[in-house]
Amino acid sequence: MTTQLTLPRLVFGRGAIECLGKETEVLGMRRPLLISDRGLESAGVVASAQRLLPQNALTYLDTEANPSLPGAEAAFAAYQRNACDGVIALGGGSVLDTAKFLAALAGSSVTQASELLGNPARIGAVAPLIAIPTTIGSGSECSPVSALHPESGSIAVGTRSPRLVPQLAICDPDLTRSLPRRLIAATGIDALAHCIEGFFSEPAHPIIDALALDGMARVFKDIHAAMEPEGDAARGSLMAAAFAGGAAINKGLGPAHAVALVCGTQDHHHGTLVGIALPLTTALVVPHAAEKAKRIEQALGLTAGVRLADALRTLMRSLELPASLVEIGYKAGSIEDLAAGMAKSPFNLTSPYKPGHEEYRAIILELLDV
């Protein structure tokens, strides 16, 4: 069994956004669609990209906080209506995932967008795509996955294909300066989870595993400094960790993402959900991957005898992030249905240990303080 690693060409560093105009020319974009959101427009980040674009470029800002298939269809309609020839995604994971699916639709012959969702075999040519992350967690700028909710309130469906990896990623830490502290914390934990669960995933891959170990060490070392106004260098470090986490997604993820996926139907932040689950799911996985766990503990510089799950709990508390579903106001329906959904999640497939229905049920009950 092997793992395919597909990564974009990367321009990284403070001021990297300045290459955008030249890169649109390299990719043959004469009338690109810049896709972003209203929050980034208000923060002035959209304007920083618009000034670098060709005169005929268009801008679409109505992306959703939790990306959906209807949202991607609406963006694609704007792309078609304006005869665009490329996509530039400026934003967090929601914007990037929407743009990746849009790019696939632009090169596809399907009559219904739903025909592509969760069906990578239908993906053919993909429109030229530049990804410019403005958060430090999703890793979507280099991952082969676009995750969209079929409709509001539904469980997200991932579409995985190497053709969804953007041709170019521009990672400029200066674009993260407007992020609120809590979002830096939550997206940083998402990057950490990608690195940890990707590293645990099987089979091993020496290049991805090296990136994942470096990424998780960066989060532990730099996430607190990244939350401070003067933390430009630390935010750059976390942006590198997010890219590493996106690479780790090529191997697969694990049970923390199974929990977050099933619980991600009520507009709670994805990174927050992953962080809530990660200590509990890691405690289940570690006994079945002891050598890998030791390598993680060494990379993180943990004191001898400190368990990884406990270190994760301590980190979450220090960031003042919620530790349970109760704290975020999650409204649980059927516990049995939730556990069943987690147990059958594809995120379990590459994990060295696949929790069963009863173990997921116990996790839910603990997170609900039942």
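Residues numbered from 1 in each chain as written. Predicted model: local features only at pLDDT ≥ 70, side-chain atom pairs only at ≥ 80, totals over all residues. Heavy atoms only, no water.

Draft legend 1. How the structure looks around the side chain of Ser-108. If you trace the backbone, Ser-108 turns up in the loop between α5 (93-106) and β5 (129-133). On the basis of relative accessibility, which here comes to 19%, the residue Ser-108 falls in the buried class. Within the structure, the side chain of Ser-108 is placed 3.0 Å from the backbone nitrogen of Val-110, a separation counted as a polar contact. (Helix = DSSP H or I, 4+ residues; strand = E, 2+ residues; numbered from the N terminus. Buried < 20%, exposed > 50% of the residue type's maximum accessible area, 1.4 Å probe, protein only. Polar contact = N/O pair within 3.5 Å; in protein donor to acceptor, adjacent residues only side chain to side chain.)

Draft legend 2. Summary view of helix α12 (residues 308-318). Among all positions in α12, only Leu-308, Ala-309, Ala-311, Leu-312, Leu-315 and Met-316 are buried. Looking straight down α12, one finds its buried side chains confined to an arc of 160°; they lie on one side. The secondary structure elements touched by the buried residues of α12 are α6 (181-200), α7 (206-226), α10 (270-285) and α11 (290-300). Downstream of α12 by one or two residues, Glu-320 has phi in the positive range, about 60°. (Arc of directions from axis to C-beta. Contact = heavy atoms within 4.5 Å.)

Draft legend 3. A look at the side chain of Ser-201. Structurally, Ser-201 is set in the loop between α6 and α7. The exposure class of Ser-201 is buried, given its relative accessible area of 0%. Looking at Ser-201, its side chain comes within polar contact range of the main-chain oxygen of Leu-253, at 3.0 Å. Once residues lying within four places of it in the same chain are set aside, the contact partners of Ser-201 are Lys-251, Gly-252, Leu-253, Lys-292 and Thr-350.

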